[in-house]
Amino acid sequence: YVASISNNFAYCLAVEKLLGLEVPPRADYLRVIMAELTRISSHLVWLGTHAVDIGAITVLLYCFRERESILDLFEMSAGARLTANYIRIGGVMRDINDVFCKKLEEFIKIIPSKLKDYEALLTNNRIWLKRTKAIAKISAEDGIALGLSGPSLRGSGVAWDVRKQEPYSVYPKMDFIIPTGENGDVYDRYLVRMEELRQCTRIIEQALALLPEGEIMGKVPRVLKPPAGEVYACVEAPKGELGFYIISDGSDKPKRLKIRAPSFVNLEALPIMIEGGLIADVVAAIGSIDIVLGEVDR
């Protein structure tokens, strides 16, 4: 629920792959803009709540202030703020207008200065350093063995990002870097996500500048009956690799649908992270892998 558009994106990619559908270029760029706004929004929720867990309250108020601007953009485009179902099979639900573009441009102009404010409060704060440095470490080898993905794996120095390694949509046309850590601790996972916030802004700027004119929906049949077969498609969601595995028997309903939820997989690293540590550090460890329990319980 903190990254609804990412879930839309992954599911639609899987169905489109099964159907062999082509998405219009304009819709592809709009998808990327919305997906990166979702990543920023999700990371802001993570940063604010993670900071509160460790004892820094002010950061939460700052993060939710900026997140409100993103929710306003979702409301303008999708008609909903939290569970925004903007992406559709074959394209997107509606086009954006000049008012949306102006508000988006205003947001991407102010967000770099806001990130500096967050970092001024935390990055060199001695209490923050004491609670995060050399805490809940996990090696690259253990992370890979456990199936970690997203910032939780990149914090251990593994430059794995689905947008780069298994590119989809128009991400190959975007110029951005994959931030990684060195020590695999809470602090490195924090630094990775902070840099990702900057890279998200960079991607949105490029996508907005390159946004072509044209249709926003491809040629989609009124009744979807994919051919019998199986398919897997995934995206780089804010928390890691989010994938949908679908088996079709040729009917209008999936025979089987399995969701690879990153929160559920990433949580498996917790026992290794906390071994030999303090009970107080468990909270910092959980916060640093950024789970949402809805994904875990499912």
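Undergrad: Quick question: what am I supposed to make of the overall build of the protein chain here?
TA: Looking only at helices and strands, the protein chain has 13 helices and five strands in total. Relative to the globule expectation of 19 Å for 298 residues, the C-alpha radius of gyration of the protein chain, 19 Å, shows essentially globular dimensions. Considered along the principal axes of its C-alpha atoms, the protein chain spans approximately 60 × 45 × 30 Å. By the burial criterion, 52% of the 298 residues in the protein chain qualify as buried. Taking contacts inside the protein chain between residues at least 6 apart in sequence as the whole, the part at least 24 apart equals 74%. Summed over all atoms, the accessible surface of the protein chain reaches about 13400 Å², with 55% contributed by carbon and sulfur. Charge centroids of the protein chain, computed over 37 positive and 39 negative side chains, lie 2 Å from each other.

Undergrad: What is the right way to look at the sheet that holds strand β4 (residues 240-248) in this model?
TA: Here three strands make up an open sheet; going across it, the order is β3-β4-β5 and the pairing antiparallel. If you trace the sheet from one side to the other, it starts and ends with β3 (229-237) and β5 (256-260), each paired once. Ignoring strand direction, the axes of neighbouring strands in this sheet form an average angle of 10°. Across the sheet, helix α1 (residues 4-19) is in contact with β3, β4 and β5; its angle to β3 comes to roughly 150°.

Undergrad: Is there a simple way to explain helix α12 (residues 280-289) in this structure?
TA: What sets the pattern is the α-helix's 3.6 residues per turn: residues three or four places apart point alike. Those residues of α12 that fall on the buried side of the exposure criterion are Asp281, Ala284, Ala285, Gly287, Ser288 and Ile289. In this structure, the buried residues of α12 make contact with α2 (25-54), α5 (126-132), α7 (151-154), α9 (186-210), α10 (262-267) and α11 (270-274). Where α12 terminates, the next one or two residues include Asp290, which has phi positive at roughly 55°.

Undergrad: Please clarify how the pattern of salt bridges should be interpreted in this entry.
TA: Close approach of charged atoms allows side chains of opposite charge to pair. Tallied over the full model, the rule gives 17 salt bridges. A salt bridge links Arg81 to Asp72, with the shortest nitrogen-to-oxygen separation between them at 2.8 Å.

Undergrad: Mind showing me how you'd approach the side chain of Arg163 here?
TA: With respect to the helices and strands, Arg163 occurs in helix α8 (residues 162-165). Within the structure, the side chain of Arg163 is placed 3.3 Å from the side chain of Glu36, a separation counted as a polar contact. Within the local environment of Arg163, its side chain forms a polar contact with the side chain of Asp161, the two groups lying 2.7 Å apart.

Undergrad: What's the story with the packing of aromatic side chains in this structure? I'm lost.
TA: In this description, an aromatic ring pair is defined by two values, namely the gap between the centres and the angle between the planes. Per the stated rule, a full pass over the model turns up seven aromatic pairs. Each ring, one from Trp128 and one from Tyr190, has its centre 5.3 Å from the other, and the planes form 70°; the classification is edge-to-face. One end of the pair, Trp128, is in helix α5; the other, Tyr190, is in helix α9, with 62 residues separating them in the sequence. No difference in accessibility class separates Trp128 from Tyr190, as the two residues are buried. A ring pair is formed by Tyr187 and Tyr190, whose centres lie 5.9 Å apart and whose planes are at 40°; its orientation type is tilted. Placement of both Tyr187 and Tyr190 in helix α9 is noted, with a separation of three residues, approximately one turn of the helix. In this structure, Tyr187 and Tyr190 share a single accessibility class: buried.

Rules behind the numbers
- What you see as residue numbers is a count from 1 along each chain, following the sequence as written.
- Local features in this predicted model are restricted to residues whose pLDDT is 70 or higher, and side-chain atom pairs enter the listing and the counts only when it is 80 or higher, whereas totals over whole chains, interfaces and linings include all residues.
- Side-chain descriptors were evaluated using all non-hydrogen atoms of the structure, hydrogens and water having been removed beforehand.
- Note on conventions: DSSP H or I runs of at least 4 residues are helices, E runs of at least 2 residues are strands, and numbering of each starts at the N terminus.
- Computation of the radius of gyration draws on C-alpha atoms alone. For the globule rule, the value is 2.2 Å times the number of residues to the power 0.38.
- Accessibility here uses a 1.4 Å probe with only protein chains present; expressed as a share of the type maximum, an area under 20% marks a residue as buried, one over 50% as exposed, and anything in between as partly exposed.
- The contact definition used throughout considers only heavy atoms, calling two residues in contact when any of these lie within 4.5 Å.
- In these tables, accessible area is a Shrake-Rupley quantity obtained with a 1.4 Å probe, and a residue counts as shielded only by the protein chains included in the view.
- Positive charges come from Lys and Arg, negative ones from Asp and Glu, while His and the chain ends are left out of the count.
- Here the site of a charge means NZ on Lys, CZ on Arg, CG on Asp, or CD on Glu.
- Only when DSSP finds a minimum of two bridges between them are two strands counted as paired.
- Between N-to-C directions, angles span 0 to 180 degrees; the directions come from axes that are lines fitted to C-alpha atoms, helices contributing only their stretch in contact.
- Only one rule defines a salt bridge in this text: a Lys or Arg side-chain nitrogen within 4 Å of an Asp or Glu carboxyl oxygen.
- Polar contacts here mean pairs of N or O atoms no more than 3.5 Å apart (in protein, one a potential hydrogen donor and the other a potential acceptor; neighbouring residues in sequence count only if both atoms are side-chain atoms).
- Each Phe, Tyr or Trp ring, with Trp reduced to its six-membered ring, pairs with another whose centre is within 6.5 Å; inter-plane angles below 30 degrees give stacked pairs, above 60 give edge-to-face pairs, and intermediate values give tilted ones.

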